[in-house]
Each structure stands twice: as C-alpha cells, then as structure tokens.
Amino acid sequence: ETGVTQSPTHLIKTRGQQVTLRCSSQSGHNTVSWYQQALGQGPQFIFQYYREEENGRGNFPPRFSGLQFPNYSSELNVNALELDDSALYLCASSLTGGGSGANVLTFGAGSRLTVL
Amino acid sequence: SQQGEEDPQALSIQEGENATMNCSYKTSINNLQWYRQNSGRGLVHLILIRSNEREKHSGRLRVTLDTSKKSSSLLITASRAADTASYFCATATFSSGSARQLTFGSGTQLTVLP
C-alpha cells in the first residue's frame, strides 16, 4: 500500500508568481484535502476534493484553487503569491463512503513554500 | 480559525515519565483525533475517539473525552526519546452536504530527554 506523496518538497517563489503543488493519494482513498501550516501553528483547512469537485472550503481567497483527477491525485494552485503564503502545504487523503465514517486522514510529508 | 487549543504549548519530560496533553474545543463534534508531527513533516494519525466514547487506549496511548466540558486529554505512558514531536488534536464535525474536514488545534511540542 503506497502512502501519500507530494511534490516538490521545497520551492522558492517571489511575490506575484504562481505555484502548483502536486499530491498522489494513498491507494484506495477517494478524497483529498489540502492544509496550510504556518510555522508554529496547526494545519488550516484550505479545501477538499471528492469525485473531482470541490467539496468544502476553508477561509482562503479564490486565488487558492485546486483540481482532483480521475486517479484521485490532486493539485493545489496559488496565484498572485503573497509573503504570508510562505508555509508548509500538506495534502491528506481519506476514504469517503464505503462505511468509513470517521474521516481519518493520511498525510503526505508536505511541500514547503517560501515566498520572497 | 483553530477549533481546538492544546495545553501546554510545550512540555519537557525525562524518558520513562508520563506525558499528558490537553485539548479544548468550541463546537459539538462527531469525533476527536490526535495526530503527531515530527519536525515540520507530515502528520501521523494516532488515535480517534468518538463523541459517545469516554476513554480509549492504544498501546502506550490513552485518550479521554469529556463532551460536557468540550475537552480531551492524551496520555503517553513510559515516554521515550522517540516520542519527541508536536501533538495536535483535531475535531471532526459532519453535517449534511459539508466537507468532512478536520479542524486542528495549535499543538503541544513534547520533548523527551534521554
């Protein structure tokens, strides 16, 4: 059973640029959630994708967008980067339906974004 | 916004001692989970307790839940240096049509000294 993999692991961008982060779900999972974790803080929910559609969103502006593909992999796109976007971006997969019920998340190791 | 708040923010103990971390939350929940994170890496699920449960055990972990006080505690017994990490509580609140998201607290940094 493969876990959640994210790429790239580290990247540096400048203000105003755009970034795409990628995530492969754990085998057997059909739901992907993205979280932003600032230094010293807990993860903050960005959005969740299920059946290739956004299925809930946290308090993040529209310049944060995403995609889920038929193989359940996912992308997080951030446009017009700001300094405060510097953070660890975590992807987590889970199983919705099939009697799972509990929403236990399996996390990737994260992509650390630095905006200069 | 953070749903849960962990207490203490940081805890330092000797190997072999027990570590207790507390979590308070604000709204009604379906379940509460604890996760561990090593030094800026991904989070690892430790244990889940449902809203109708009061206590749960898994190996050296013991979790309690008091829904009347909206609080939970995580006890790690006989701690080891390898338990050094940040520990987060996360609450799950499901409602029809909403994302099955988890809301995380701000975490407790546990340091176990050899």
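Report on the accompanying structure. (Residues numbered from 1 in each chain as written. Chains lettered and ligands numbered in written order. Predicted model: local features only at pLDDT ≥ 70, side-chain atom pairs only at ≥ 80, totals over all residues. Heavy atoms only, no water.)

**Overview of the overall build of chain B**
Summing up its helical and strand segments, chain B has zero helices and 11 strands in all. Along the chain direction, N to C, the helices and strands of chain B fall in the order β-β-β-β-β-β-β-β-β-β-β. In terms of overall dimensions, chain B is globule-like: its C-alpha atoms have a radius of gyration of 14 Å, near the 13 Å expected for 114 residues. Structurally, chain B occupies a C-alpha span of about 50 × 30 × 20 Å along its principal axes. Of all 114 residues assigned to chain B, the portion counted as buried reaches 44%. Sequence-distant contacts in chain B: of pairs separated by 6 or more residues, those separated by 24 or more amount to 56%. As displayed, chain B offers around 5,300 Å² of accessible surface, 46% of which is attributable to carbon and sulfur atoms. Looking at chain B, you have 12 positive and 9 negative side-chain charges, and the mean spots of the two groups are 8 Å apart. (Helix = DSSP H or I, 4+ residues; strand = E, 2+ residues; numbered from the N terminus. Rg over C-alpha atoms; globule rule 2.2 N^0.38 Å. Buried < 20%, exposed > 50% of the residue type's maximum accessible area, 1.4 Å probe, protein only. Contact = heavy atoms within 4.5 Å. Areas by Shrake-Rupley, 256 points an atom, 1.4 Å probe, with all protein chains shown as cover. Lys, Arg positive; Asp, Glu negative; His and termini not counted. Charge placed at Lys NZ, Arg CZ, Asp CG, Glu CD.)

**Structural notes on the packing of aromatic side chains**
For the coordinates displayed, the defined rule picks out eight aromatic pairs over all chains. A ring pair is formed by phenylalanine 107 of chain A and phenylalanine 104 of chain B, whose centres lie 6.0 Å apart and whose planes are at 75 degrees; its orientation type is edge-to-face. Pair noted here: phenylalanine 107 of chain A is in strand E10 (residues 106-107) and phenylalanine 104 of chain B is in strand E10 (residues 102-104), and the two residues belong to different chains. For the residue pair phenylalanine 107 of chain A and phenylalanine 104 of chain B, the accessibility class agrees, reading buried in each case. In textbook terms, an aromatic cluster arises when at least three aromatic residues are bridged by ring pairs, as seen for Tyr35, Phe45 and Phe107 of chain A together with Tyr35 and Phe104 of chain B. (Phe/Tyr/Trp six-rings, centres within 6.5 Å; stacked < 30°, edge-to-face > 60°.)

**Thoughts on the state of the cysteines**
Residue and element names in this part refer to chain A. Applying the stated criterion across every chain, the model contains two disulfides over all chains. Each sulfur of the disulfide joining cysteine 23 and cysteine 91 lies 1.8 Å from the other. Where cysteine 23 bonds to cysteine 91 through sulfur, the torsion about that S-S bond is close to -65 degrees, and the disulfide is left-handed. One end of the pair, cysteine 23, is in strand E3 (residues 19-24); the other, cysteine 91, is in strand E9 (residues 87-94), with 68 residues separating them in the sequence. With respect to class, cysteine 23 is no different from cysteine 91; both count as buried. (Disulfide = S-S within 2.5 Å.)

**What to know about the pairing of strand E3 (residues 19-24) of chain B**
All names here are of chain B. Only one face of E3 is covered, namely the one carrying Ala19, Met21 and Cys23; the face carrying Thr20, Asn22 and Ser24 has none of its residues buried. As paired elements, strand E1 (residues 5-7) and E3 share three bridges and run antiparallel to each other. Residue pairing for E3: glutamate 6 is matched across the bridge by cysteine 23. Where E3 and strand E8 (residues 71-76) come together, six bridges link them in antiparallel fashion. Paired with asparagine 22 across the bridge in E8 is serine 73. (Pairing = 2+ DSSP bridges.)

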